[in-house]
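Fold and geometry: a report
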Amino acid sequence: MKNTLNRITAVILTVITVFSFAVIALPSQIAASDTVTTTVNIATADRNMSGPGYYWANRFDTLTLTNLNLDTDEDFGLRLPNNCTVILEGKNYIKAGKYGISCSGNVVFKGNGSLTIDAGEIGIYLVTQDSTQKIRLITGDYTVTAGKYGVYSEAADFSFVDGTMSINMIGDSSYAILGRCVNLLGGKFSANASVETTQELVVDGIDIKIESSNPALASKNLKVKNISAEYNGENTINASSTASKSRSSIIFGDSIPGFVDYILLAVFALGIAAAVFIPSLRRKKKAEALYKRLADEGYDIRR
């Protein structure tokens, strides 16, 4: 009996020991499997795609990144198609040999998460040659580290609208942003290299800090407004937004506050409701009057 108990105890202890080592090893195994080590190519997707930290809904042209950890030695980290939306959730990280993210056309980035890009040459590469296409960073927090360009575009427009964006260049003769048309329109933007465009650069209502060895802002057509400091070609700029926090009217323009749009939409909705319900109410009243007159005459047709 005693020997049997000893054997059972030994078996139990062995199982507990093995299980303990498995539990200890499990997190590291999960972490390793959750790291994407090859290019995520959505540019040619024709069906839903998914992997650790990303899901492509092909029908809706929407890519959702949720705590993506992409670390690859390949040239491209993430390749995006034309006319798509990227939604950021949680903390997302992309590291690639040359290009962190390449955009084939119109792309909108938004969400309440963050995106960190570490690229050998270009952080965000707008490869399209169509000057009518646009890349928009609507919301989210972005940190870009790159060797040559934080953002690079020969043709497409690039706009940073809100959230935060920090660009850290590690190479000589590098640019935080180099493009054709660039708009820095809100939120917070910082960089250690210049922002330069070949056509137009708009800096409007944004907290901006740039320290560069060249002029911080350079463009054939430079427009700087609604910030707390003037800019006259210096290598540094450090200013806060002076723009009103209330949105301007989309319908009537900058001189009209945004709430006017909502009032107009409410009036329009009431107009539609009136157009639908008032004639119906009038017909009902006429019918009631007819029924009453007929009842008074001895013809109650509703019985």
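A few points on the structure. Since the structure is predicted, the reported quantities are computational estimates derived from the model, not experimental observations.

Moving on to the packing of aromatic side chains. Two measures describe an aromatic ring pair: the distance that separates the ring centres and the angle between the ring planes. In the structure shown here, the tally under the stated rule is seven aromatic pairs. With 4.8 Å between their ring centres and 45° between their planes, Phe 76 and Tyr 99 make a pair best called tilted. Linking Phe 76 in strand β6 (residues 76–80) with Tyr 99 in strand β9 (residues 99–103), this pair joins segments that are 23 residues apart in sequence. For Tyr 99, a relative accessible area of 16% translates into the label buried.

Time to look at the sheet that holds strand β21 (residues 207–211). Pairing is mixed across the open sheet formed by eight strands, whose spatial order is β5-β8-β11-β14-β17-β19-β21-β24. Only two strands of the sheet have a single neighbouring strand rather than two, namely β5 (69–71) and β24 (236–239). In this sheet, adjacent strand axes meet at a mean angle of 10° when their direction is disregarded. Pairing between β21 and β24: four bridges, direction antiparallel. For Ile 208, the partnering residue across the bridge sits in β24 and is Ala 239.

All right, on to the pattern of salt bridges then. Applying the stated criterion to the full structure yields five salt bridges. In this structure, the salt-bridge partner of Asp 157 is Arg 180, at a minimum N-O distance of 2.9 Å. Within this pair, whereas Asp 157 is found in strand β16 (residues 157–160), its partner Arg 180 is found in strand β18 (residues 175–184), the two being separated by 23 residues in sequence. One network of salt bridges, with partners in common, ties together Lys 134, Asp 157 and Arg 180.

Cut-off values and rules
- Residues numbered from 1 in each chain as written.
- Predicted model: local features only at pLDDT ≥ 70, side-chain atom pairs only at ≥ 80, totals over all residues.
- Heavy atoms only, no water.
- Phe/Tyr/Trp six-rings, centres within 6.5 Å; stacked < 30°, edge-to-face > 60°.
- Helix = DSSP H or I, 4+ residues; strand = E, 2+ residues; numbered from the N terminus.
- Buried < 20%, exposed > 50% of the residue type's maximum accessible area, 1.4 Å probe, protein only.
- Pairing = 2+ DSSP bridges.
- Axes fitted to C-alpha atoms, helices over the stretch in contact; angles between N-to-C directions.
- Salt bridge = Lys/Arg side-chain N within 4 Å of Asp/Glu carboxyl O.

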